[in-house]
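Coordinates in review
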Amino acid sequence: MIAPAIVFLIIFTYWPLINLVQLSFQDYNMINPAKTKFVGLQNFYNILFVKDDFIVALKNTSVYTCCVVIFLILFAILFALWVKKDTWQNYFAQTAFFTPHIIAMISCGMVWAWIMDTDRGILNTVFNFFGLPSLRWLNSSKTAMLSVVIVSVWKNIGYYALIIISSLKSIPTEIYEAAELDNTPRGRKFFRITLPMISPQLFFLLITITIGSFKVFDTIRVMTDGGPGSATDVVAYYIYRYAFHHFRIGLAAAAGVVLMIVMIIMTIIYFKVLAKKVFYQ
């Protein structure tokens with residue numbers, strides 16, 4: 001019964017993974033595969049110690065991931081606490097916040113690129129109306145990464161907020177009633193009751209958001225194309241550029257292997273450090 005799923009995983013997951021590792025040790029020639037030669041660890045040495053653009057892309061990816069993880073979880077919790085009650089206004093707000101999640105990221109990126117346009121964008125038009133100076137949202141190295149983070153958080157906050165809302169509603173009301181009898185302050189109830197009770201869901205969100213952020217590509221490709229300069233160049237876009245623009249398949253595969261190792265290390269750290277703080281009912 002599970003044979004179709006196993007075959008699917010072998011063909012589309014495990015074999016590409018093995019092939020990726022194999023290509024990372026080769027100088028692959030796309031035009032003439034017969035000229036492909038084995039170079040060992042030379043590709044890894046080049047991206048880590050010779051070419052500095054991969055380190056820049058890795059730093060940008062880390063900055064993007066940290067910002068998205070922090071802001072997305074924080075605002076998802078605040079939004080979930082705000083609209084967790086069963087009212088028609090909250091149902092409407094949940095639907096409105098969830099709608100961007102079902103829209104393709106390419107469409108969202110194109111719309112936001114127009115909104116953040118320096119000359120004709122809506123944001124700068126509003127700023128100028130109130131007498132504020134215009135910002136070069138996507139054309140400045142100081143604001144480009146922040147602009148991409150804003151779009152990513154806006155698109156995904158509704159989905160993760162709904163997960164937190166469902167976890168909040170699963171908390172037994174007897175616990176809050178007991179806290180009310182003890183006159184427990186609201187802040188203490190949140191940090192001592194609410195957060196521990198939804199910690200399994202938060203831990204799940206932390207891992208999934210981190211992995212998804214490290215693999216960000218479409219947002220960067222549509223909105224900034226890795227620019228200005230290398231301000232928004234991330235590892236996934238680095239792999240795409242070297243594979244399909246420069247045809248350096250070996251370097252791109254080596255960067256993919258490094259990205260995979262980084263995500264594995266991050267996941268292990270999460271489980272070693274944070275899994276002990278997760279409270280399971």
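Residues numbered from 1 in each chain as written. Predicted model: local features only at pLDDT ≥ 70, side-chain atom pairs only at ≥ 80, totals over all residues. Heavy atoms only, no water.

What follows covers the UniProt feature "domain: ABC transmembrane type-1" (unreviewed entry) in the protein. Annotation from UniProt places "domain: ABC transmembrane type-1" (unreviewed entry) at residues 58-270. Taken end to end, residues 58-270 is 73% helix and 0% strand, and its two terminal C-alpha atoms sit 19 Å from one another. (UniProt positions renumbered as here; feature names shortened; annotations may be inferred. Helix = DSSP H or I, 4+ residues; strand = E, 2+ residues; numbered from the N terminus.)

Our next topic: the packing of helix 12 (residues 235-244) against helix 13 (residues 249-274). Helix 13 packs onto helix 12 with a crossing angle of 165 degrees between their chain directions and a minimal axis gap of 8 Å. For the element pair helix 12 / helix 13, the angle class is roughly antiparallel. Along this stretch, helix 12 crosses helix 13, giving a crossing that reads as left-handed. Across the interface between the two elements, Val235, Tyr238, Ile239, Tyr242 and Ala243 of helix 12 pack against Ile249, Leu251, Ala252, Ala255, Gly256 and Leu259 of helix 13. Grouping the amino acids of the contact of helix 12 with helix 13 by side-chain chemistry returns 10 nonpolar, one polar and no charged. (Axes fitted to C-alpha atoms, helices over the stretch in contact; angles between N-to-C directions. Parallel < 35°, antiparallel > 145°, perpendicular 65-115°, else oblique. Left-handed = near helix turned anticlockwise from the far one by under 90°. Contact = heavy atoms within 4.5 Å. Nonpolar A, V, L, I, M, F, W, Y, C, P; charged D, E, K, R; others polar.)

Attention shifts here to unusual backbone geometry. That bond from Gly227 to Pro228 is cis: its omega, -5 degrees, falls within 30 degrees of zero. Phi is positive for Phe247, which is not a glycine, with a value near 55 degrees. Secondary-structure assignment places Phe247 in the loop between helix 12 and helix 13.

Let us now look at the packing of aromatic side chains. To describe a pair of aromatic rings, you give the distance between the ring centres and the angle between the ring planes. On inspection of all chains with the given rule, the structure shows 18 aromatic pairs. Centroid distance Phe217 to Tyr240: 5.1 Å. Interplanar angle 65 degrees. Geometry classified as edge-to-face. Taken as a pair, Phe217 in the loop between helix 10 (199-214) and helix 11 (218-223) and Tyr240 in helix 12 lie far apart in primary sequence, 23 residues in all. Overall, Phe217 belongs to the partly exposed group, its relative accessible area being 26%. Look at Tyr238 and Tyr242: their rings are 4.5 Å apart centre to centre, the planes differ by 40 degrees, and that puts the pair in the tilted class. Of this pair, Tyr238 and Tyr242 both sit in helix 12, four residues apart, which is roughly one turn of the helix. In this structure, Tyr238 and Tyr242 share a single accessibility class: buried. Through a chain of ring-to-ring contacts, the aromatic side chains of Phe217, Tyr237, Tyr240 and Phe244 assemble into a single cluster. (Phe/Tyr/Trp six-rings, centres within 6.5 Å; stacked < 30°, edge-to-face > 60°. Buried < 20%, exposed > 50% of the residue type's maximum accessible area, 1.4 Å probe, protein only.)

This part is about the UniProt feature "transmembrane region" (unreviewed entry) in the protein. On the UniProt side, "transmembrane region" (unreviewed entry) is annotated at positions that read residues 7-25, 62-83, 95-115, 144-165, 193-214 and 249-271 here. The distance separating the terminal C-alpha atoms of residues 7-25 is 27 Å; by composition the span is 95% helix and 0% strand. Between the end C-alpha atoms of residues 95-115 there is a gap of 22 Å, over a span that is 71% helix and 0% strand.

It is worth spelling out empty space enclosed by the protein at this point. All told, the structure shown has one cavity of 30 Å³ or more when counted by the stated rule. In this model, the largest cavity occupies a volume close to 40 Å³. In this structure, the largest cavity is lined by Ile207, Thr210, Ile211, Phe214, Met263, Met266, Thr267 and Tyr270. Among the secondary structure elements, those contributing two or more residues to the lining of the largest cavity are helix 10 and helix 13. (1 Å grid on protein atoms, 1.4 Å probe; cavity = no way out; pocket = protein on both sides within 12 Å on 5 of 7 lines; lining within 4 Å. Points joined across faces, edges and corners; volume = space filled by probe spheres on them.)

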